[in-house]
Amino acid sequence: MSAPVPENFSEGLESLLQHPAIWRGRSAAQVSVVPSGFPALDEALPAGGWPSAGLIEILVSHIGVGELNLLLPALAALTGKDSARWCAWVAPPFEPFAPALSAHGVRLERLFVVRTDQPLWAFEQSLISGACEAVLAWAPRAPSRDIRRLQLAAEKGRALGVLFRPLAVAKESSNAVLRAIVEPTDQGARVTLLKSRGGHRGSVEIAWSPCSIQRPTQGRVMPALQPKRPASSAGSL
Amino acid sequence: MSSRPIRTGHVRPGETRPHAARATKGSSVALSSPPPQQALVFESRELWVALHLPWLEIEALQQGARAPSMPRPRAIIELQGQTQYVVAACERAQQFGVRRGMAMAAALALVPDLETCARDATRERQLLERLATRAYRFTPRVSLVPPDGLVLEVKGSLHLFGGADRLCRALEVDCFEVGVKPIVSLAPSPLAALALARSGKSQLITAHGVGEISALKLCALRWPTEVIERLQQVGVYTIGQALRLPRAGFARRFGKEHLAELDRLTGRDADLRDHFRLRERFRRKEDLLQELEHHDAILAALAPLLEELGEFLKVRQCGITQIACLLKHRRIPRTRCVLRFAEPAANAQHFAKLFGEKLSSLNLSEPVRGIELRSGDLVSCTPADASLWQPGEHGGENRGVAPELIEHLRARLGHESVYGLRVLESHRPETSWAAAELSARNRPPERAVEDHISWFVQRRPAWLLREPQPLVEQNGLPQRHGALRFLEGPDRVEAGMAVQGRIARDYYIARDVNGVRLWIFRDLRSHGWFMQGIFG
């Protein structure tokens, strides 16, 4: 910021934009993010990843079109931190398969499941408690008034809240930081950003190839890292 | 109690006096000579604080019950002989002129809407014990003086609490918090302190000497009426006058025990007292004034008990892992409502919050008439370090809050509804995981078998069905909302030795018409198709 007078124009503009009095939507929207683990998606998301505090909505036509695969790398990163807080799964539609989650890098000892017929209540309590890094909830019905409360709770508890909802609610307005539709494709999934605070709308194609399923390591905003082992060793049995 | 003189005789703290003064006492003629002020003054070895609670009867009745904003004047009535007398009156009744010892008829004439009630000795005792528990933070030497007094030996604690005056003030504040107005005084012997307090004088005397107490009336000693009357007949009205009587004659005429009491009063003899012992568990019963149905009302009635429990645990420096609340009904057996904690807890607000959740999930078929709170065993616990940062803030990774969240969820949803996950060593998918008990710490990290990670990520779904679900078949091929498209397979899994537990399956990954990737298998024995998982 205290750089000498810049020589060329773009540098000058850059330093000018660093001025604290200048407010830019994209940069101001998210301060800390957790990388999604998919470089293409990270690029489309504001500040390069899922917000680490805030509510995101994921709309799917059916359970299992790839919405969980999309989040697992981020969950692995969140639970893998030193002294990580909890990761809660509220009212999941099926049993989370522990060996598979573990293989994805999610630390099971930081994870708990809540079975309830009041998912929104448990979701809000978990978000607001500040004891969770991330809270995933499956709730077919969520009035928009509640969404606002949940968003505030997520900000207060500094947790990533993920609410999975049916595709039918895409038309409704919502206070979530981010809304995305996940649709299956032949090789992977298509993520369409309906709303992205401080970002752009648009869609991203993601493939579930071994190369794409990379586990981001600990840290803040980092570009995608090389996979730990070469892809050729994968899939051999 | 605006300004209270600290009488230290003529000795300032730190200054020493020749202890020869003691020798002047106990001459054979008089118990102690009338104060030649300087001779009897020296630093005492003990200092006792006495709490006299003159309004305990009325205050005990006001405990717990949330008084309406403008309560009716109240008086406690006791039958003595043929007539009912007022034994205590609340402040408002006193404003109208109701006094102790007045006949009930006279009191009612003064205040027609006077609420008269009987004494409740149990509650008085409970209140006294509660005060004693609170007083435990000042000193371990606390003794009850039933029915309305408390003495504490505080000599060793004076420095810690910033002197006698501050300590007494802190004690007063403690009493006010419980809703009790005490008279606090301090003297080198417990009886002297009590006599001062009972005479309504909140004085602090830190050195031996009878100057202050000799002016007190004899009734402050609570001797039997006939003894006092006989003393009055010989012209003895104050303690000082009694002390001046010859010892032998006093013992013969008025009883040895009273002479011994005078000795303890002046510090000539040691005053040995039973110490109040803190209870090992907390148990408190409360009968409600009216029957309660609403959860909020029950919780509100429970709140003072929980608050008391919190105080108790704080003094004991302990926590509890279990607490039971029994709700009494008119006809049906009591409803039991139990909370269990992952870690020893001692916070009353936390208890109240959990009970709130528990009660809201409770279906009461009858209104509640009484409540009882029983704590489990005390577990010593160190209070958790409070973090400067909010959880989740920069640097504020606070794991201590996690058990509270889990307990909170469990209180409402039931213990089994919140669980962790664990990997088991098994080839059968349905037995290769299990629900795990959650604990905030000390759980070894679950480790996936590194070699299989990539393979596993590819071939195993994130969702598992509790039971394999049979799929409809058409032309020998499985269907789900239409034909399935096979993506990968087969993967053969054969496991189990026993005939019943033995499985032989060919697993495939297939995609249904909605684009959902399924994990299906064909049972090699029955040749049926089943779905077992869904790739997230």
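Residues numbered from 1 in each chain as written. Chains lettered and ligands numbered in written order. Predicted model: local features only at pLDDT ≥ 70, side-chain atom pairs only at ≥ 80, totals over all residues. Heavy atoms only, no water.

All right, on to the overall build of chain A then. Summing up its helical and strand segments, chain A has seven helices and 11 strands in all. Buried positions account for 53% of the 237 residues belonging to chain A. Taking as baseline every contact in chain A between residues at least 6 positions apart, the subset at least 24 positions apart corresponds to 63%. (Helix = DSSP H or I, 4+ residues; strand = E, 2+ residues; numbered from the N terminus. Buried < 20%, exposed > 50% of the residue type's maximum accessible area, 1.4 Å probe, protein only. Contact = heavy atoms within 4.5 Å.)

Once that is clear, we can look at the nonpolar core. With 71 residues, the main nonpolar core has Trp50 and Trp89 of chain A as its most contacted residues. The element contributing the most residues to this core is helix α4 (residues 67-79) of chain A, with nine residues. Core analysis: the next-biggest nonpolar cluster, separate from the first, contains 33 residues, Ile183, Ala192, Val236 and Leu265 of chain B among them. (Core = buried A, V, L, I, M, F, W, Y, C linked by side-chain atoms within 4.5 Å.)

Relative to the helices and strands, Thr116 of chain A resides in the loop between β6 (111-114) and α6 (119-129). From its side chain, Thr116 of chain A meets the backbone nitrogen of Gln118 of chain A in a polar contact 2.7 Å long. When residues no more than four places from it in sequence are discounted, the contact partners of Thr116 of chain A are Val90, Ala91 and Ala122 of chain A together with Leu413 of chain B. (Polar contact = N/O pair within 3.5 Å; in protein donor to acceptor, adjacent residues only side chain to side chain.)

Below, the discussion takes up the sheet that holds strand β3 (residues 74-80) of chain B. All names here are of chain B. The mixed open sheet is built from three strands, whose spatial order is β4-β3-β5. Only two strands of the sheet have a single neighbouring strand rather than two, namely β4 (83-89) and β5 (115-117). Taking the axes of each pair of neighbouring strands and ignoring which way they run, one obtains an average angle of 40 degrees across the sheet. The pairing of β3 with β5 spans three bridges and is classified as parallel. Bridge pairing links Ile76 to Cys117 in β5. (Pairing = 2+ DSSP bridges. Axes fitted to C-alpha atoms, helices over the stretch in contact; angles between N-to-C directions.)

Take the pairing of strand β17 (residues 463-470) of chain B next. Along any regular strand, the residues point their side chains to alternate faces of the sheet. With two bridges connecting them, strand β5 (residues 95-96) of chain A and β17 of chain B associate as antiparallel partners. Note on β17 of chain B: the bridge partner recorded for Glu95 of chain A is Leu464 of chain B. The pairing of β17 of chain B with strand β23 (residues 529-534) of chain B spans four bridges and is antiparallel. When the bridges of β23 of chain B are listed, Leu464 of chain B appears paired with Gly533 of chain B.

All names here are of chain B. Here helix α5 (residues 121-135) contains 15 residues, and its C-alpha end-to-end distance of 21 Å stays within 8% of the 21 Å for a straight helix at 1.5 Å per residue. Among the residues of α5, Glu124, Leu127, Leu128, Glu129, Arg130, Leu131, Ala132, Thr133, Arg134 and Ala135 are the ones counted as buried. Along its buried surface, α5 packs onto α2 (56-62), β6 (142-145), β7 (149-153), α6 (164-178) and α13 (295-316). (Expected span 1.5 Å × (residues − 1).)

In this section: a nonpolar patch on the surface. All names here are of chain A. A surface patch of nonpolar side chains, amounting to about 410 Å² of accessible area, comprises Phe9, Leu13, Leu16 and Ile22. As for its placement among the helices and strands, Phe9 is situated in helix α1 (residues 9-17). Residue Phe9 is classed as exposed on the basis of its relative accessible area, which comes to 67%. (Patch = residues over 30% accessible without salt bridge, like charges linked within 9 Å, V, L, I, M, F, W, Y side chains within 5 Å. Areas by Shrake-Rupley, 256 points an atom, 1.4 Å probe, with all protein chains shown as cover. Salt bridge = Lys/Arg side-chain N within 4 Å of Asp/Glu carboxyl O.)

The next thing to look at is the packing of α6 of chain A against helix α7 (residues 144-157) of chain A. Residues and elements named next belong to chain A. One can describe the packing of α6 onto α7 by two numbers: an axis separation of 7 Å at closest approach and a directional angle of 25 degrees. Between α6 and α7, the interaxial angle falls into the category roughly parallel. Listed contacts from α7 to Leu120, Phe123, Glu124, Leu127 and Ile128 of α6 are Asp146, Arg149, Leu150, Ala153, Ala154, Lys156 and Gly157. (Parallel < 35°, antiparallel > 145°, perpendicular 65-115°, else oblique.)

Pairing is mixed in the open sheet, where 10 strands are placed in the order β11(A)-β10(A)-β9(A)-β3(A)-β8(A)-β7(A)-β4(A)-β6(A)-β15(B)-β16(B). In this open sheet, the two strands that pair with only one neighbour each are β11 (202-207) of chain A together with β16 (433-436) of chain B. Pairwise comparison of adjacent strand axes, ignoring direction, gives a mean angle of 25 degrees for this sheet. Of the pairings in the sheet, the one linking strand β15 (residues 418-423) of chain B to β16 of chain B comprises four bridges and is antiparallel in character.

The subject of this paragraph is the pairing of β4 of chain B. Residues and elements named next belong to chain B. Pairing between β3 and β4: six bridges, direction antiparallel. Of the residues in β4, the one forming a bridge with Ile76 is Ala88. Where β3 folds back onto β4 in an antiparallel hairpin, the turn is made up of two residues, including Gly81, whose phi is positive at roughly 70 degrees.

Next up on the list: the pattern of salt bridges. Residue and element names in this part refer to chain B. Scanning the entire structure with this criterion turns up 50 salt bridges over all chains. With its nearest N and O atoms 3.3 Å apart, the salt bridge here joins Arg169 to Asp165. With Arg169 and Asp165 both in helix α6, this residue pair falls four residues apart, about one helical turn. For Glu366, the salt bridge goes to Arg331, with nearest N and O atoms at 3.3 Å. Within this pair, whereas Glu366 is found in the loop between α14 (348-360) and β13 (368-375), its partner Arg331 is found in the loop between β11 (318-328) and β12 (335-345), the two being separated by 35 residues in sequence. Given a relative accessible area of 11%, Glu366 falls into the buried group. Note on Arg331: relative accessible area 66%, which makes it exposed.

Residues and elements named next belong to chain B. Running from N to C, helix α9 (residues 225-233) and helix α11 (residues 247-254) cross one another at 130 degrees; their axes reach a closest spacing of 11 Å. It follows that α9 is oblique to α11 by the angle criterion. Facing α9, whose interface residues are Val227, Arg230 and Leu231, α11 presents Phe250, Arg253 and Phe254. Its residues assigned to classes, the contact of α9 with α11 shows four nonpolar, no polar and two charged. (Nonpolar A, V, L, I, M, F, W, Y, C, P; charged D, E, K, R; others polar.)

The subject of this paragraph is the packing of aromatic side chains. Residues and elements named next belong to chain B. One pass over the structure, following the stated rule, counts 18 aromatic pairs over all chains. Ring geometry for Tyr507 and Phe521: centres 5.1 Å apart, planes at 55 degrees, overall tilted. Taken together, the residues span a long stretch of sequence, with Tyr507 in strand β21 (residues 503-511) and Phe521 in strand β22 (residues 517-523) at a distance of 14 residues. Each member of the pair Tyr507 and Phe521 is classed as buried. Aromatic pair Tyr508 and Trp529: ring centres 5.5 Å apart, planes at 50 degrees, arrangement tilted. (Phe/Tyr/Trp six-rings, centres within 6.5 Å; stacked < 30°, edge-to-face > 60°.)

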